[in-house]
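Geometric and topological summary
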Amino acid sequence: MSEAETIDASLLPPRQFFRFSADIKRADGIESPKGFTLDESYTLPALGELDGRPAFAEVRMAWSPKGLAWQVTVEGKTQLPWCRDSRLEDSDGLQVWIDTRATLNVHRAGRFSHRFIYLARGGGSAGDQPIAEQILINRARENARPARARELTARAKTSGSGYTLWAFAPADALGGYDPSQQPRLGFTYALLDRERGQQTFSTGPEFPYEEDPSCWAELRLAE
């Protein structure tokens, strides 16, 4: 490599130099229509802090044979989250990417890769109801099966200073999800907030995590 082609490693975000993995605890009952609560032991590590990006939200995650669940708490706001059902990707809220086969050495998503969006508000006639939707992954070789209406679920509690969002993706909406035979997942998330900024998991916005599974982390489904 010539001197002109040499890359200064100090200019790259530290997260770029690691392949992250984390254990996710099991929590039965997360599919209950009455909702669920995850305690602090389910908290995902704030990997963005390695890049000097302090976390503004706490993200917790759990699994069961019935599906996957997330609990997000955002504080320190001065206004309600900005959410529009006509602009899902631009709205304040949680986006998750899941590969049920943990194929982390490819650059294009396949049929086992899923992208879901959960918003604390923006739905209903008054725009104050939570939203849970699936959207396509750009450049995917093959798209996952579309989730059926109301398969994905979300609940939320909002206030003038923040919100808590509870999100659930059932096993039926996760093609290839089989914890007993495949206890590893490819995963990342992005939490968007017009006041607080952007919080991501395995890589930052400098890399194409929205479409490239090689930018995702590995999760191990632990008992």
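The structure we're discussing is the one just above.
Residues numbered from 1 in each chain as written. Predicted model: local features only at pLDDT ≥ 70, side-chain atom pairs only at ≥ 80, totals over all residues. Heavy atoms only, no water.

**Quick notes on the pairing of strand β5 (residues 113-123)**
Definition in use: Partly exposed describes any residue whose relative accessible area lies between the buried limit of under 20% and the exposed limit of over 50%, with all areas from a 1.4 Å probe on protein chains only and scaled to the type maximum. The helix and strand labels rest on DSSP assignments: H or I over at least four residues marks a helix, E over at least two residues marks a strand, and numbering proceeds from the N terminus. Two strands form a pair only when DSSP identifies at least two bridges running between them.
Extensive coverage of β5 is indicated by the burial of 11 of its 11 residues. Here strand β4 (residues 93-99) pairs with β5 via 6 bridges, running antiparallel. Looking at the pairing, D99 lines up with S113 of β5. Here β5 folds back onto strand β6 (residues 129-134) in antiparallel fashion, the turn holding 5 residues, of which G124 has a positive phi close to 80°.

**Comments concerning the sheet that holds strand β8 (residues 162-170)**
The condition that has to hold: Orientation is described by axes fitted as lines to C-alpha atoms, over the contacting stretch for helices, and by angles from 0 to 180 degrees between their N-to-C directions.
Strands sit in the order β2-β3-β8-β7 across an open sheet of 4 strands; the sheet is antiparallel. Only two strands of the sheet have a single neighbouring strand rather than two, namely β2 (57-64) and β7 (153-159). Pairwise comparison of adjacent strand axes, ignoring direction, gives a mean angle of 10° for this sheet. Bridging between strand β3 (residues 67-75) and β8 involves 9 bridges; their strand directions are antiparallel. Residue L68 lies in a different strand from β8, and its bridge partner there is A169.

**Considering the pattern of salt bridges**
To keep things clear, this is the line we draw: The term salt bridge refers to a pairing of a side-chain nitrogen on Lys or Arg with a carboxyl oxygen on Asp or Glu at a separation within 4 Å.
In this structure the tally under the stated criterion is 14 salt bridges. K77 is paired through a salt bridge with E195; the nearest N and O atoms lie 3.0 Å apart. Here K77, found in the loop between β3 and β4, pairs with E195, found in the loop between β9 (184-193) and β10 (197-200); they are 118 residues apart in sequence, far enough to count as distant. K77 sits in the buried class, given a relative accessible area of 5%.

That's the geometry; what it means functionally is another story.
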